[in-house]
Amino acid sequence: MTTRDPDRLVAAAGRGDPNQDQHFLVDDRVLDRIPEYASAFDLSHVLEIGPGAGALTDRLLAVSDHVTVIERDAALVAFLETEFAEAVADGRLTILEGDAMEIDLPEYSVCISNLPYGISTAVTFRLLRRQRPAVLMFQAEVAERLVATPGTSDYGRLSVGAQHYADVEIVEPVPPEAFDPQPAVDSAIVTVTPRTPEYEVPDDQAFLDLVKALFTQRRKTVRNGIRNTVHISGIEHPEAVIDALPDSIVGKRPDALEPAEFAEIAVTAARIDA
Ligand SMILES: C[S@@+](CC[C@H](N)C(=O)[O-])C[C@H]1O[C@@H](n2cnc3c(N)ncnc32)[C@H](O)[C@@H]1O
């Protein structure tokens, strides 16, 4: 099956505006590989956030029965409706105009997107809660934080939060030259494979609030972090929680804690505050 020339699509749609997070992928080899990274996932209904001029959309239509795209820019939506009129008429492509942070997300089997970098982490957490696999392009620095492990400088709230929901893996670095206009930063493609964590939490939000709270005190011990961040964590009896936890947890800094250790703090706090 022949695919549309990305340079032709960009020329026809009009050049992307970097101030609107519009960096269109124009490297055919990268565009061809993105759906391949999703080949182990259920491709029956692909969600694409930020289709832009449609180069990736075109590749997704080649591997999926149904693609839904969410695009904020009305001019790009109008372009896509004309360019992909046949797929829309056939019911294979649904084009939604709106902000991916606000619009109701449809049911979908996998999300494959070159994300707008301005909303990439926020929209990723919307997606993670849906427990569907994903293949996503991020700014490289964000991708490194998503996959980071304890004891590294990239490890933080984003790493623990994402890895709570899924196995996250960088599968390909992508240089600025693959885009038009070129972003100022390197990029990377990440696969997200949902799974249940090996630890229990009281509820996801309490766990994520605790992780957020402790990483605001990255350089403090967990003991002091728990004391100083009750306004974020919502912990009502911080001293009792600290006393109930082993020194191997409260004596460390948050960037040395495994996700399961954050979970132990959240479970202990929920038990004591109940
Ligand atoms: C990095 S470009 C990717 C375009 C295309 N998928 C590609 O790879 O060439 C991101 C796209 O997301 C759109 N966008 C930016 N913010 C958005 C938002 N909040 N909701 C939906 N789309 C958004 C931009 O207009 C742009 O088309």
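Residues numbered from 1 in each chain as written. Predicted model: local features only at pLDDT ≥ 70, side-chain atom pairs only at ≥ 80, totals over all residues. Heavy atoms only, no water.

The next subject is the UniProt feature "binding site: S-adenosyl-L-methionine" (unreviewed entry) in the protein. Per the UniProt record, the feature "binding site: S-adenosyl-L-methionine" (unreviewed entry) sits at His23, Leu25, Gly50, Glu71, Asp99 and Asn114. Put simply, the named residues that line the largest pocket are His23, Leu25, Gly50, Glu71, Asp99 and Asn114. Along the chain, the position of histidine 23 falls in the loop between helix H1 (6-13) and strand E1 (24-25). Classification of histidine 23 by relative accessible area gives buried; the value is 18%. Once residues lying within four places of it in the same chain are set aside, the contact partners of histidine 23 are Pro18, Asn114, Phe179, Asp180, Pro181, Gln182 and Pro183. Tracing the backbone shows asparagine 114 in strand E5 (residues 110-114). With relative accessibility at 12%, the residue asparagine 114 sits in the buried group. Once residues lying within four places of it in the same chain are set aside, the contact partners of asparagine 114 are His23, Leu25, Ile49, Gly50, Leu56, Met137 and Phe179. At a separation of 3.5 Å, a polar atom in the side chain of asparagine 114 contacts the main-chain carbonyl oxygen of histidine 23. (UniProt positions renumbered as here; feature names shortened; annotations may be inferred. 1 Å grid on protein atoms, 1.4 Å probe; cavity = no way out; pocket = protein on both sides within 12 Å on 5 of 7 lines; lining within 4 Å. Helix = DSSP H or I, 4+ residues; strand = E, 2+ residues; numbered from the N terminus. Buried < 20%, exposed > 50% of the residue type's maximum accessible area, 1.4 Å probe, protein only. Contact = heavy atoms within 4.5 Å. Polar contact = N/O pair within 3.5 Å; in protein donor to acceptor, adjacent residues only side chain to side chain.)

UniProt's entry tags residues 30-196 with the feature "domain: Ribosomal RNA adenine methylase transferase N-terminal" (unreviewed entry), counted in the numbering of this structure. In the segment residues 30-196, helix accounts for 35% and strand for 28%; the C-alpha atoms at its two ends are 31 Å apart.

One pass over the full model with this rule turns up 17 salt bridges. A salt bridge links arginine 132 to glutamate 107; its shortest N-O distance comes to 3.9 Å. One end of the pair, arginine 132, is in the loop between helix H6 (120-128) and strand E6 (134-139); the other, glutamate 107, is in the loop between strand E4 (93-97) and E5, with 25 residues separating them in the sequence. Taken together, the shared-partner salt bridges connect Arg4, Arg8, Asp58 and Glu83 into one network. (Salt bridge = Lys/Arg side-chain N within 4 Å of Asp/Glu carboxyl O.)

As a volume, the largest pocket reaches approximately 440 Å³. Around the largest pocket, the lining comprises 30 residues; the ones closest to its centre are Asp21, Gly50, Glu71, Asn114 and Pro116. Among the secondary structure elements, those contributing two or more residues to the lining of the largest pocket are E1, strand E2 (45-49), helix H3 (55-63) and strand E3 (66-71). Looking at the lining of the largest pocket residue by residue, the class counts come to 16 nonpolar, 8 polar and 6 charged. (Points joined across faces, edges and corners; volume = space filled by probe spheres on them. Nonpolar A, V, L, I, M, F, W, Y, C, P; charged D, E, K, R; others polar.)

A few words now on the site of the ligand. Of all residues adjacent to the ligand, which total 21 residues, the nearest are Leu25, Gly50, Glu71, Ala100 and Asn114. The backbone of alanine 100 places a nitrogen or oxygen atom 2.9 Å from a nitrogen atom of the ligand. Between the ligand and asparagine 114 there is a distance of 2.7 Å, counted from an oxygen atom to a side-chain nitrogen or oxygen. Across the complex, the protein chains shield 98% of the 600 Å² of accessible surface that the ligand would expose by itself. Judged by the fraction of its atoms near the pocket grid, the ligand is located in the largest pocket. Those elements that place two or more of their residues in the shell around the ligand are E1 and E3. Residues belonging to the shell around the ligand are distributed by class as follows: 9 nonpolar, 7 polar and 5 charged. (Near = heavy atom within 4 Å. Areas by Shrake-Rupley, 256 points an atom, 1.4 Å probe, with all protein chains shown as cover. Sits in = over half its atoms within 2 Å of the grid points.)

Take the nonpolar core next. In terms of nonpolar packing, the biggest core is built from 52 residues, with Phe207, Ile226, Phe262 and Ile265 touching the most fellow members. With 6 residues, helix H9 (residues 204-215) is the single largest residue contributor to this core. Looking at this core, you find at least three residues from each of domain 1 (6-194) and domain 2 (204-273). In this structure, isoleucine 226 is in contact with Leu214, Ile235, Pro238, Val241, Ile242, Leu245, Val250 and Ile265, ignoring residues within four places of it in sequence. With 36 residues, the next largest nonpolar core counts Val26, Ile34, Leu80 and Ile95 among its residues. (Core = buried A, V, L, I, M, F, W, Y, C linked by side-chain atoms within 4.5 Å. Domains from an automatic or database assignment.)

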